Amino acid sequence: MIHVHHSQRGEPIFHLKSGDSSYVLSVFHGYLLHLYCGAQVSDDDLEYLLVQIPHDSVVPRPSHTYEENKWFSCDAATFEYPANGCGDFRPSAIAVKMMEAHGNSSAFAGTTATDLRYVSYEIVNGKPQVDKQPAVYASDEEAQTLIITCEDPATKLTVKLYYTAFRDFSAICRRTVIENSCKEQLPLDILRAYSASVDFTSIEPQPQLLHLWGTWARERHVERTPLAHGTVSVSSKRGASSHYHNPFAALVTEETTETHGMAVGLSLIYSGNFEISADTDPYGTVRLMAGINPSDFTWRLEPGESFVTPEAVLVFSDEGLGKMSRTFHKLYRSHLCRGEWRDKTRPVLVNNWEATYFDFDDEKILSIAKEAADCGIEMFVLDDGWFGQRNSDKSSLGDWFVNEDKIRCGMKKLVEQINALGLKFGLWFEPEMVSPVSELYKAHPDWCLHIEGREKSIARDQYVLDMTRQDVRDYLFERMSAILSSANIEYVKWDFNRNLTEVGSGWLPAERRQETFHRFVLGTYELLDRLTTAFPQILLEGCSSGGGRYDPAMLYYSPQYWTSDDTDAMERVDIQLGTSMVYPASSMSCHVSACPNHQTGRMTSFRTRGHVAMGGAFGYELDLTALSDEEKELIRQQVDEYHRYYNVINRGDLYRLIMPNDTYNGKQGKCAAWMYVSEDKSEALLTFVVMRTSVKPVYFLKLQGLDPMAQYRDEESGRIYHGDTLMKAGLNLTRRYTDGDSMVVHLKKV
Ligand code: GLA
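Values in this document were obtained by computation on a predicted structure and should not be read as measured data.

K.L.:
Before we go on, may I ask you to explain the site of the ligand in this structure?
P.N.:
Neighbouring the ligand are 13 residues; Asp383, Asp384, Lys493, Gly546 and Asp565 lie closest to it. One of the side-chain N or O atoms of aspartate 495 is found 3.0 Å from an oxygen atom in the ligand.

So this is what it looks like as structure tokens:
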């Protein structure tokens, strides 16, 4: 997978063949330069691709390259990990500030110039676990990792760059380790430490950054922003990856579609403040970078200490966005998600949140659970409100003790009764939060994030616990373990309902306070790790006011995530298709809820709500005791369908046929279509949703991903088609639709 050659100057050229892609980098006069990434190529020596700018006296050139290569300038070179202040004026991936120690001064103290030169490399089989942060994993047969050591020639700072190439995935995983090996034994502050940076030359035609924007209840909508000279970026400063931008972007061109053109996806395995940016220089080179947001971040490194960045994942496709997404799906489903539930069939659940909100007791819960058992539902999830004095969102976060005024029979008994109905039981927590009205806050007012002497912002009537503190994490572990061991709890919904403000941690010295945001994330990871290790059998579902922290790092701990608090089926089409740019169906938790929908007031048929919710980990979120017999019969049918389609949806390949914003829709109202095809192409499932109909619409849907030579039977009509006919001529779905209609076509190879 990784080949090493040497250039005419005797410096190494590394060719990483990953899946059907190539990633080529070389050492040139000591600089580590990027030469190519994209569809696989045969040649290794690609140095002829380097950007050569004619002599121009205003552009600084390094003295050591000047005689031999007058055209070489750091300001036009394509760097693998661009440093700072030594001739490259574009955004840098790294910047460190040398500090002084008591009685020990240096000429470098207070300066931020950072230069990096190649020192050595090592290739190892597999993918080493660099530290405990979430990361993709792979066996020795599946991957190889190139570790390149660079050094600042002046200070002797060490930077190690990790690149993993895969046998089966067109992807490269990157991360960076910065070591304070500086010769003067002085502390330093890291000001910027990106996970990855790639310089792309000549992206034609017009390059664009495709990214996922949103807000509460409107997460991950696809947007394409044309690149212009200067920087386009998406980021978060909220302490969570956030609803607003997802830690993902793809470099595409204006011609990239679902099936054609280049798409380089860049996904950051991180749940905190991040930035992904694309900077276009005067020579048309696009620098794509991803990492921890340098705003509100510094990290003090004492001599001998190292800092490990989060991991970034690059995925290459020369067949459009569809192929890029399918690579992400498979990689994340099989090499990022972990634990028993990675591959196990997820149970159909009913969650009581939209059914009862805070207004329930054990009897009400049992009455819903009884109906659930009668409808074939497999798990009951008790959401917010079971602990402390929590009868509204105004109190009790942090008081993780069962409220026996509501759960009068006690948790153990309640779970036993639910288990006796044949249902599993799951429970909601929001560990990282504390209500000002709580026993926990009374006892430990200093446990929340705050800056002494500064007013604290409040959101949803709650503060955020300081997850950088060991005592806070120990308390949460003790409380959660006690509850989880007290009854047969087989699922946890881990919520996180506000962002971080007034961020500073009292226990950290002033020079380390700007580490708080990142330490918070590491603290949350540590607690997640302890709990998933102690309770490996529990199915963990992430949540953050819906999908406000839906990122790859959370999928490392929780194989499924509550996609959005917006359960309206029409809205969910946009949200789920946007989410599918990166994240697999098996990670998207989707529920059928009541109508009129609680978020939008819209009415949609029960059938369509089911069709849309089947696009992921399926469940219900409504009062089952208030349903008609007809609706309950529909639930039985849907549960049955979910089981029939489970394999193709959750383990198959996704093809997005019509996106809700495609121009196609201008003529035909607004509709969307997607399909899943099993890996062996023996089965496919098409979902078609008409969100807004128009007069006399005509729909021919050309399917994708089938075996062209095989014949497929439509399981409902019994009609048989050839795969090539379905893909070339398509299905004729023309008929009269009303707003919100949907249909599903299940095809099986004959
Ligand atoms: C968040 C979640 C919801 C629900 C509530 C409970 O908003 O996204 O699903 O759990 O919290 O307070």
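Additional details are given in the paragraphs that follow.
K.L.:
Looking at this structure, how should I read the packing of helix H11 (residues 606-613) against helix H12 (residues 629-651)?
P.N.:
Each pair of packed helices can be described by the angle between their axes along with the distance between the axes. Put simply, H11 and H12 touch, their axes get as near as 11 Å, and they point 25 degrees apart. In terms of orientation, H11 lies roughly parallel with respect to H12. Crossing geometry of H11 relative to H12 is assigned as right-handed. Taking contact as the criterion, the partners of Phe606, Arg607, Gly610 and His611 in H11 are, on H12, Glu631, Leu634, Ile635, Gln638 and Glu641. Residues of the contact of H11 with H12, tallied by class, amount to three nonpolar, three polar and three charged.

K.L.:
Help me understand the packing of aromatic side chains, please; the structure alone is not making it clear to me.
P.N.:
The geometry of two aromatic rings is summed up by the distance between their centres and the angle between their planes. Considering all chains together, one arrives at 37 aromatic pairs under this definition. Judged by centre distance (6.0 Å) and plane angle (70 degrees), the rings of tryptophan 71 and phenylalanine 72 are edge-to-face. In this pair, the class of tryptophan 71 matches that of phenylalanine 72, namely buried. Feature note: the residues Phe28, Tyr31, Trp71, Phe72 and Phe79 constitute an aromatic cluster, connected by ring pairs. Over the face of the ring belonging to tyrosine 244 we find arginine 238, whose NZ or CZ atom lies 3.5 Å from the ring centre. For the cation-ring pair, arginine 338 lies above tyrosine 556, with the distance from its terminal atom to the ring centre recorded as 3.6 Å.

K.L.:
Explain H12 to me, please; I cannot follow it from the model alone.
P.N.:
An α-helix turns once every 3.6 residues. As a result, residues three or four positions apart point the same way. Its 23 residues give H12 an end-to-end C-alpha distance of 33 Å, which sits within 8% of 33 Å, the value for a rise of 1.5 Å per residue. Along H12, the helix axis deviates most sharply at tyrosine 645, where the bend reaches about 60 degrees. Along H12, the residues classified as buried are Lys632, Ile635, Gln638, Val639, Glu641, Tyr642, Tyr645, Tyr646, Val648, Ile649 and Asn650.

K.L.:
Help me out: how do you make sense of the side chain of glutamate 80 in this one?
P.N.:
Looking at where glutamate 80 falls in the secondary structure, it is placed in the loop between helix H1 (63-66) and strand E5 (94-98). A polar contact of 2.9 Å, which involves the side chain of glutamate 80, links it to the side chain of tyrosine 23. For glutamate 80, the residues in contact, after removing those within four places along its chain, are Tyr23, Leu25, Leu32, Leu33, His34, Tyr163, Arg174 and Ser197.

K.L.:
Mind showing me how you'd approach the pairing of strand E20 (residues 311-317) here?
P.N.:
Taken residue by residue, a regular strand's side chains alternate between the two faces of the sheet. Burial of E20 is extensive: seven of the seven residues sit out of reach of the surface. The side-chain alternation of E20 yields two buried faces, one formed by Glu311, Val313, Val315 and Ser317 and the other by Ala312, Leu314 and Phe316. Bridging between strand E15 (residues 263-269) and E20 involves seven bridges; their strand directions are antiparallel. Of the residues in E20, the one forming a bridge with glycine 265 is valine 315.

K.L.:
What's the story with the sheet that holds strand E23 (residues 424-429) in this structure? I'm lost.
P.N.:
Through backbone hydrogen bonds, the strands of a sheet pair up, either in parallel or in antiparallel fashion. As summarised here, the arrangement of the eight strands in space is E21-E22-E23-E26-E27-E28-E29-E30, forming a closed barrel in which the pairing is parallel. Pairs of neighbouring strands in the sheet enclose a mean axial angle of 30 degrees, with direction left out of account. Here E23 pairs with strand E26 (residues 491-494) via four bridges, running parallel. Counterpart to phenylalanine 429 in the pairing with E26 is tryptophan 494. Together, E23 and E26 form the strand contacts of helix H7 (residues 470-486), whose direction differs from that of E23 by roughly 160 degrees. Each of strand E29 (588-593) and strand E30 (617-621) touches H11; the most contacted strand, E29, lies at about 170 degrees to it.

Rules used throughout
Numbers given to residues run from 1 along each chain, matching the order in which its sequence is written. This being a predicted model, a pLDDT of at least 70 is required before a residue's local features are given, and a value of 80 or more before pairs of side-chain atoms are given or counted; all residues contribute to the totals for chains, interfaces and linings. Just so you know, side-chain values use all the structure's heavy atoms and leave hydrogens and water out. We call a residue near a molecule or strand whenever a single non-hydrogen atom of that residue lies within 4 Å of it. Between N or O atoms, a polar contact is any pair within 3.5 Å; within protein, one atom must be a potential hydrogen donor and the other a potential acceptor, and residues adjacent in sequence are included only when both atoms are from side chains. Between N-to-C directions, angles span 0 to 180 degrees; the directions come from axes that are lines fitted to C-alpha atoms, helices contributing only their stretch in contact. Per the convention used, a helix needs a DSSP run of H or I reaching at least four residues, while a strand needs a run of E reaching at least two, with both numbered from the N terminus. Roughly parallel means an angle under 35 degrees; roughly antiparallel means over 145; roughly perpendicular covers 65 to 115; every other angle is labelled oblique. For any pair of crossing helices, the crossing counts as left-handed if the nearer helix is rotated counterclockwise from the farther one by less than a right angle, and right-handed if it is rotated clockwise. Any two residues having at least one pair of non-hydrogen atoms within 4.5 Å are treated as being in contact. Each residue receives one of three labels: charged for Asp, Glu, Lys and Arg, nonpolar for Ala, Val, Leu, Ile, Met, Phe, Trp, Tyr, Cys and Pro, and polar for the others, Gly being one of them. Each aromatic pair joins two rings of Phe, Tyr and Trp (for Trp, the six-membered one) with centres within 6.5 Å, and gets the label stacked for planes under 30 degrees apart, edge-to-face for over 60, and tilted for any other angle. Classification of residues uses two cut-offs on accessible area relative to the type maximum, computed with a 1.4 Å probe and protein chains only: under 20% is buried, over 50% is exposed, and between them is partly exposed. Our definition puts a charge over a ring when NZ of Lys or CZ of Arg is within 6 Å of the ring centre and also within 35 degrees of the ring normal. Here a helix's expected span is defined as the number of its residues, less one, multiplied by 1.5 Å. One axis fitted to the seven residues ending at a residue, another fitted to the seven starting there: the angle between these axes is the bend at that residue. At least two DSSP bridges between two strands are required for those strands to pair.

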